[in-house]
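# Fold and geometry: a report
Listed below, chain by chain, are the residues.
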Amino acid sequence: MSTSDRKTTRVAFQGEPGAFSEAAAIQLLGDWITTIPCPTFDAAFSAVPEGAADALLAPVENSLAGSVLRVYDLLLESNLGIVAETILPIEHHLIGCPGSSLGDIRSVASHPMALAQCEKFFLAHPHLKRVPAEDTAGSVREALSRGDKSCAAIAGRRAAEHYHGVILAESIQDNAENFTRFVLLVPVVREGSGEPANTASAASPAVTDLMAELRVRQMEQFASGSQLKMSVALRLTHKPGALLAALEPFARYGINLMKIESRPIHGTPWVYQFFLDLLAESTAELDVVLAEVGRATDFLRILGFYPVAK
């Protein structure tokens with residue numbers, strides 16, 4: 001497969017060119033993909049069924065800020081499944097116009113979360129005005145387009161490179177242990193369609209190429225015997241002890257429950273669904289335990305089965 005053919009594989013992400021999500025997509029798949037920026041998470045999830053993209057790279061949680069709740073809601077509403085994950089270190093840099101210096105800066109724009117994660121920097125520079133923006137990369141684009149040497153933005157290195165900005169202060173985030181976990185989503189075939197549940201759709205040649213490239217990368221990255229992660233969504237039956245009944249089989253079979261997230265069900269006040277990440281050595285043990293869990297729930301969907309990112 002030639003490089004020109006591979007470039008037809010389009011991966012959507014939320015944000016503007018240079019965003020952390022775009023950097024994560026390239027970290028996972030390589031720079032042969034074509035990245036498709038989308039203004040919102042809703043637009044990013046719509047890009048695949050509308051034919052504007054072949055796959056989607058979306059953040060699901062940050063090690064400091066927690067889960068990206070809108071992504072969980074959209075994932076369950078979509079016909080997309082998780083086939084891989086990647087973890088990106090989040091490093092915030094102060095980015096200004098060429099020829100500017102730190103002493104020139106009077107205002108700093110970025111996403112509110114990025115501004116909040118650089119509190120120590122602002123305490124050390126109390127004269128700087130914080131300007132909330134829609135996203136990190138967009139704040140760099142806006143600051144550079146003005147050409148005002150008193151304006152700067154906070155974003156990742158990729159944004160500085162994309163918009164030809166100058167990094168005036170590196171790694172200004174408060175906590176060095178700042179990571180975001182992203183998942184790669186592709187169209188899947190679900191139960192009731194006559195095909196195996198939650199397998200990547202082969203309808204698109206671009207998705208087939210993407211999965212082939214992904215398998216090669218996963219074989220290179222993960223040693224044999226590496227653990228696997230399964231993400232599932234479930235809704236409980238309305239009876240006492242339902243949550244215990246749904247979770248007990250995981251403990252009995254020695255399945256490591258890495259994460260559990262509850263989300264309200266839209267249109268049904270005070271009723272919740274749960275998102276779980278499970279760690280296992282093989283699919284066989286998960287098949288057995290999920291069969292038991294299914295009997296204790298009203299709804300159970302496998303959202304993805306993929307190697308654990310290092």
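Our subject is the structure listed above.
Chains are numbered independently. Their residues run from 1 in the order of the written sequence. Where local features are concerned, this predicted model is filtered to residues with pLDDT of at least 70; where side-chain atom pairs are given and counted, the filter is 80 or more; whole-chain, interface and lining totals use all residues. Side-chain numbers here rest on the full set of heavy atoms in the structure, without hydrogens or water.

Attention now moves to the overall build of the chain. Helix and strand counts for the chain stand at 11 helices and 16 strands. A sequence separation of at least 24 residues applies to 74% of the contacts in the chain between residues at least 6 apart. With the model as given, the accessible surface of the chain reaches about 14,400 Å², and the carbon-plus-sulfur share is 55%. In this text, helices come from DSSP runs of H or I with a minimum length of four residues, and strands from runs of E with a minimum of two, each type numbered from the N-terminal end. Whether two residues are in contact is decided by their heavy atoms, any of which lying within 4.5 Å being enough. The method behind every accessible area is Shrake-Rupley, applied with a 1.4 Å probe, and residues are considered shielded solely by the protein chains displayed.

Cavities and pockets are defined on a 1 Å grid built over the protein atoms alone: a cavity is a set of grid points where a 1.4 Å probe fits but cannot escape, while a pocket is an open set with protein on both sides within 12 Å along at least five of seven lines, and lining residues are those with an atom within 4 Å of any such point. Grid points are joined across faces, edges and corners, and a volume is the space filled by probe spheres set on the points. Estimates place the volume of the largest pocket at around 530 Å³. Forming the boundary of the largest pocket are 24 residues, of which Gln14, Phe20, Pro59, His111 and Met113 lie nearest the centre. Residue assignment for the lining of the largest pocket shows that the elements contributing at least two residues are α2 (20–29), β3 (55–62), β4 (66–67), α5 (112–116) and β11 (179–189). Here the lining of the largest pocket gets 3 residues from one element, more than from any other, and that element is β3.

In this section: the packing of aromatic side chains. Whether two aromatic rings pair depends on their centres lying within 6.5 Å, for rings of Phe, Tyr and Trp, where Trp uses its six-membered ring; planes under 30 degrees apart make the pair stacked, over 60 edge-to-face, and the rest tilted. A full pass over the atoms with the stated rule returns 2 aromatic pairs. Taking 5.6 Å as the distance between ring centres and 80 degrees as the angle between the ring planes, the aromatic pair formed by Phe121 and Phe122 counts as edge-to-face. We call a charge positioned over a ring when the NZ of a Lys or the CZ of an Arg lies within 6 Å of the ring centre and within 35 degrees of the ring normal. The side chain of Arg235 reaches across the aromatic face of Phe299, ending 4.6 Å from its centre.

Attention shifts here to helix α10 (residues 242–252). Ala242, Ala246, Pro249 and Phe250 are the residues of α10 that are buried. Looking down the long axis of α10, one finds its buried residues gathered within 105 degrees of arc, a one-sided arrangement. Away from the buried face of α10 by more than 90 degrees, exposed residues Leu244 and Ala251 are located. Where α10 is buried, its residues meet β13 (228–236), β15 (268–280), α11 (283–295) and β16 (297–307). Gly254 sits one or two residues past α10 and shows a positive phi near 75 degrees. Relative accessibility under 20% of the residue-type maximum defines a buried residue, over 50% an exposed one, and the middle range a partly exposed one, all with a 1.4 Å probe and only protein chains included. Directions drawn from the helix axis to the C-beta atoms are what define this arc.

Turning to unusual backbone geometry, a few remarks are in order. Negative phi characterises most residues that are not glycine, and trans characterises most peptide bonds. In this model, His164 sits at a positive phi of 60 degrees, which is unusual for a non-glycine residue. Examined against the element boundaries, His164 turns out to sit in the loop between α8 (157–162) and β10 (166–169). By relative accessible area, His164 is classed as exposed at 62%. In this structure, Ser171 is a non-glycine residue whose phi angle is positive, near 45 degrees. By the secondary structure assignment, Ser171 is in the loop between β10 and β11. When its relative accessible area of 36% is taken as the criterion, Ser171 is described as partly exposed.

Attention shifts here to the packing of α10 against α11. In this analysis, axes come from line fits to C-alpha atoms, helices being fitted only over the stretch in contact, and the angle between any two N-to-C directions falls in the range 0 to 180 degrees. One can describe the packing of α10 onto α11 by two numbers: an axis separation of 8 Å at closest approach and a directional angle of 160 degrees. Considering the angle they form, α10 stands roughly antiparallel to α11. Relative to α11, the crossing made by α10 is right-handed. Mapping the contact onto sequence places Ala246, Pro249, Phe250 and Arg252 in α10 and Val289, Leu290, Glu292 and Val293 in α11. Each residue gets one label: Ala, Val, Leu, Ile, Met, Phe, Trp, Tyr, Cys and Pro are nonpolar, Asp, Glu, Lys and Arg are charged, and the others, such as Gly, are polar. Along the lines of polarity and charge, the residues of the contact of α10 with α11 split into 6 nonpolar, no polar and 2 charged. Angles are sorted into four bins: roughly parallel if under 35 degrees, roughly antiparallel if over 145, roughly perpendicular if 65 to 115, and oblique for all others. It is the rotation of the near helix from the far one that decides the hand of a crossing: anticlockwise by less than a right angle makes it left-handed, clockwise makes it right-handed.

Let us look at the side chain of Glu292. Tracing the sequence through the fold places Glu292 in helix α11. Here a polar contact is taken to be a pair of N or O atoms separated by no more than 3.5 Å, where protein atoms must pair a possible hydrogen donor with a possible acceptor and residues adjacent in sequence count only if both atoms sit in side chains. Polar side-chain contacts of Glu292 include one of 2.6 Å to the side chain of Arg252. Beyond its immediate sequence surroundings of up to four residues, Glu292 is in contact with Pro249, Arg252 and Tyr253.

Here we take up the nonpolar core. Nine residue types can take part in a nonpolar core, namely buried Ala, Val, Leu, Ile, Met, Phe, Trp, Tyr and Cys, and a core is a set of them joined through side-chain atoms within 4.5 Å. In terms of nonpolar packing, the biggest core is built from 24 residues, with Phe45, Leu56, Ile82, Leu185 and Leu303 touching the most fellow members. Of all elements in the fold, only α3 (41–47), β3, α4 (69–77), β5 (80–89), β11 and β16 reach the threshold of two or more residues within this core. Per-element accounting of this core gives the leading share, 5 residues, to α4. Once residues within four sequence positions are removed from consideration, Leu185 is found in contact with Phe45, Ala55, Leu56, Leu75, Leu80, Gly81 and Ile82. Of all hydrophobic cores here, the second largest spans 21 residues; its members include Leu88, Ile90, Leu210 and Met211.

Now for α11. An α-helical turn contains 3.6 residues, so a residue and the one three or four places further along point in the same direction. To estimate how far a helix should reach, multiply one less than its number of residues by 1.5 Å. Over its 13 residues, α11 extends 19 Å from the first C-alpha to the last, a length consistent with the 18 Å expected when each residue adds 1.5 Å. Looking at α11, one finds that the buried residues are Leu286, Val289, Leu290, Glu292 and Val293. Considered in projection along α11, the buried side chains sweep an arc of 160 degrees and stay on one side of the axis. Buried-residue contacts for α11 involve β13, α10, β15 and β16.

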